Amino acid sequence: MNPGTEDRALGLLNTVFGFPAFRGAQAEIVRHVAGGGDALVLMPTGGGKSLCYQLPALLRPGTAVVVSPLIALMQDQVAALRQLGVRAAFLNSTLEGREANAVERALREGELDLLYVAPERLTMPRMLELLEESQLALFAIDEAHCVSQWGHDFRPEYLQLSLLHERFPAVPRIALTATADPQTRAEIIRRLALDDARVFISSFDRPNIRYAIVDKQDARAQLLAFVREAHPGEAGIVYCLSRKKVDETAAWLAGQGLRALPYHAGMDSSARGANQERFQREDGVVMVATIAFGMGIDKPDVRFVAHLDLPKSIEGYYQETGRAGRDGLPADAWMSYGLADVVQLRRMIEQGEGGEDFRRVSFAKLDALLGLCETAGCRRVRLLGYFGEASEPCGNCDTCLDPPQTWDATEAARKALSCIYRTGQRFGAVHLMDVLRGKATDRVTQWNHDQLNVFGAGADLDEATWRSVFRQLVALGYASPDHDAYGGLRLTEAARAVLKGEERVEMRRAAPGKGRKPKARAPSGIPGGDEALLARLKAWRSGEARAQSVPPYVVFHDRTLAEIAAARPGSLDALGGIPGIGAKKLERYGPALLDLLRGA
Ligand code: ADP
Ligand code: ZN
C-alpha cells in the first residue's frame, strides 16, 4: 500500500461511513487488500466484515465485484451504500433487461465503486467477457463457506468461483465467512484456490449477546414474560423445531399483542417472502420460525433470539443466536429447555436416517449441547471452548450473573433410578414423578404402582425439583429415553454405580419461579439516552424509510439514534461527530434531525 493510503482509508472511514476508528483487524485487512493481496477473513456475524471489502473498493481504481448468494438482500445492501454516497449497483435475476443493461454499461464505463452479483450470474460467459472489458478493483466472495459441500449452506455455483483466479490472476480476492471450524476453512482455501491468501481470524466472541438457558416450565408463558420484560416492541426471532409449533406459537403470541409472524418451509413462498419482508422493513416484528429462516437475514437490530426447542448442536445454536445484535448493542440469546426436548432429540437421532457413524457424531453433538445447558459455569466459556477459544468467565450470561446452586442429589437420583427400574423401564417422567410423589392417579393404580415401595418415597421434594432431577439424569447419561415407547425412560450402564451407592451425583438446583430476571440495562445500551426522544427519532426514521422504501436501518442504525438521544447535538458540526453519520447523511438528514431535536 502506498504511503498515505492509510490516511486515506481512515479519512474515508470517517467521512463516508461516519465511523471514528477501525474495529479489530479491519485496518490490517483493508491495508492488505488495498495493497493487492488476497485474504480469507473469518469474523463472527456482526464483526464488521463488509468494511473489509467496501473500503478497499473505494481505495483501489476500478469496480469491486461482490459475490453474494443472498439475492433478497442485495437490494438493501446497495440501498445502504447509496445512502452513503457510494456508487453501488447489483445484477441478479430480479432486474429487467433494460435495468441490467444500464448497470452493465455503468460497469464498463467505470462508473461503479461496487457491483453485487449472484454467483450463478457471475460465471456466465457473457458476464466474464464484460468483466474482462472493465477495470476491476477486487473480487469479494461473501458467505464463502457456501463452497463447502459438507456445510448446510452449500451452493454448487460457488464451486465455479475458482475460475476467477484463472481468468483474472491480477485482481485481488477477499473471501469472507462467519463459519469458524477448521475443516470449512481448509475447504474454502482449496476450492477457491486461496493458498497464497493471508488468513485473518478474529475472536468469535459476541460480547454484546447475553446467553441464558432457563428450566422449561410453561415455555410460551416464560417466553412472553421474557419478551415483555426485556424487549417490549423490539425485533426478535423465536426458533421452534416443527412447522406446526411455529404456526401455533406465532398465533398465540399475536393473540397476546405481539407483532408475531410465522416462517417455515411449508408455507407458500409468497406468504413466506412477505413475512420476511415485514421483518426486515418494519420495526419490532417477532419472527417465529424453523431453522429454515436463516441465512437471508441481515437485519442489524434483532434484539433477541429465543429457542423454544433445543437445537441439534452447539454449532447450530451459535449460528442461530449469532443473528442477534449484529449492531453491537445489547442483545439476548434465550432458551428454555426441559426433559421432553432431550427425549425428542434423542429419539430423532435414533430413528433418523444415516449410518452408525452419523448417529454417533449426532449423539456426541447433542451431549456437548446438553453440557452447555447443564453447566454451572460460564456459558460463554463453554461456547468458545467448544470452538477452541480459551476465555475467562464473561459476567454477561445467566450463570455468571446469577450463579446456580448445586446440591448433592445422590439420594434423589437413587430414588428416581430405582423408580424407573421398579416400574419396568417403560414409563415417562410424568408418571414416574406421580409414583415418587405418592399421587394415586388412575394410571398409577391401574398398574399397581401404588403398591411399590418407591410409591411416595419422594414426597419430600417438589415437582419442579423432580422434573429437573429426571432431566439431569438423562442429560448426564444415567437414564435414556426408550425410542420405541413414548419417552419411557430406561437405565443405562452408568446408573448401576449410583444405585449401588458407589457414585455421588451433583446437580443444579431448579429455581422455580425465580426465572433469572435479566438485570436492568439501558435498552439501547447507551447510557444517558432519553427514551422518549429515542422513540421520536425512531418514528421519524420509520417515516423516512417508508418514503424511500428501504428498511429503517438503511437510514440510520439504532446505535446512531441512541447516540443522538444521549448527546442531543445542537449543531450540524456536533451531529457530524456522532458515529454512523457520514458527510452524505449529514447533508441529507442533518437539518431535519436538528429541527426534531430543537423541538424536543
Ligand atoms: P458482518 O458482515 O461481519 O456480520 P457488518 O459488516 O454487517 O458485519 O457490520 C456489523 C455492524 O458493525 C454494522 O452495523 C456496521 O455498520 C458496524 N461496523 C462495522 N465496522 C465498524 C467500525 N469500524 N466502527 C463502527 N461500527 C462498525
Ligand atoms: Zn458468563
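See above for the structure.
In what follows, the accompanying structure is described. Quick caveat, the model's predicted, so the values are computed rather than measured.

1. Focus: the site of ligand 1
Phase 1 of the analysis: Near ligand 1 you find 15 residues, and of these Gly46, Lys49, Ser50, Arg326 and His557 are the closest.
Phase 2 of the analysis: Between ligand 1 and Arg23 there is a distance of 3.2 Å, counted from an oxygen atom to a side-chain nitrogen or oxygen.
Phase 3 of the analysis: Between ligand 1 and Lys49 there is a distance of 2.8 Å, counted from an oxygen atom to a side-chain nitrogen or oxygen.
Phase 4 of the analysis: Considered on its own, ligand 1 offers 560 Å² of accessible surface; in the complex 83% of this is hidden by protein.
Phase 5 of the analysis: Its residues placed into classes, the shell around ligand 1 shows five nonpolar, seven polar and three charged.

2. Side note on the environment of Ala566
Phase 1 of the analysis: Assignment of secondary structure puts Ala566 in helix H26 (residues 558–567).
Phase 2 of the analysis: Taking the relative accessible area as the measure of exposure, Ala566 reaches 29% and is therefore partly exposed.
Phase 3 of the analysis: Distance in space between the C-alpha atoms of Ala566 and Gly529 is 4.0 Å, their sequence separation being 37 residues.

3. Digging into the pattern of salt bridges
Phase 1 of the analysis: For the coordinates displayed, the defined rule picks out 38 salt bridges.
Phase 2 of the analysis: When the shortest N-O distance is used, the salt bridge between Arg380 and Asp205 registers 3.0 Å. Of the two residues, Arg380 sits in helix H17 (residues 379–386) while Asp205 sits in the loop between strand E7 (198–201) and strand E8 (209–215), which places them 175 residues apart along the sequence.
Phase 3 of the analysis: On the basis of relative accessible area, Arg380 is assigned to the buried category, the value being 4%.
Phase 4 of the analysis: Residue Asp205 is classed as partly exposed on the basis of its relative accessible area of 22%.
Phase 5 of the analysis: Two residues, Asp398 and Arg379, come together in a salt bridge whose shortest N-O distance is 2.9 Å. Within this pair, whereas Asp398 is found in helix H18 (residues 398–401), its partner Arg379 is found in helix H17, the two being separated by 19 residues in sequence. In this structure, Asp398 and Arg379 share a single accessibility class: buried.
Phase 6 of the analysis: Sharing partners across several salt bridges, the network here consists of Asp283, Arg303, Asp327, Arg541 and Asp558.

4. Thoughts on the side chain of Ser336
Phase 1 of the analysis: With respect to the helices and strands, the residue Ser336 is situated in strand E13 (residues 331–337).
Phase 2 of the analysis: When neighbours within four sequence positions are excluded, Ser336 is seen to be in contact with Val214, Lys216, Ala219, Gln222, His307, Leu308 and Asp341.

5. Some points on the environment of Trp447
Phase 1 of the analysis: Here Trp447 shows up in the loop between helix H21 (442–446) and helix H22 (463–475).
Phase 2 of the analysis: Spatially, the C-alpha atom of Trp447 lies 8.6 Å from that of Thr423, the residues being 24 residues apart in sequence.
Phase 3 of the analysis: Discounting residues that sit within four places of it in the chain, Trp447 has contacts with Arg426 and Phe427.

Calculation criteria
- Residues numbered from 1 in each chain as written.
- Chains lettered and ligands numbered in written order.
- Predicted model: local features only at pLDDT ≥ 70, side-chain atom pairs only at ≥ 80, totals over all residues.
- Heavy atoms only, no water.
- Near = heavy atom within 4 Å.
- Polar contact = N/O pair within 3.5 Å; in protein donor to acceptor, adjacent residues only side chain to side chain.
- Areas by Shrake-Rupley, 256 points an atom, 1.4 Å probe, with all protein chains shown as cover.
- Nonpolar A, V, L, I, M, F, W, Y, C, P; charged D, E, K, R; others polar.
- Helix = DSSP H or I, 4+ residues; strand = E, 2+ residues; numbered from the N terminus.
- Buried < 20%, exposed > 50% of the residue type's maximum accessible area, 1.4 Å probe, protein only.
- Salt bridge = Lys/Arg side-chain N within 4 Å of Asp/Glu carboxyl O.
- Contact = heavy atoms within 4.5 Å.

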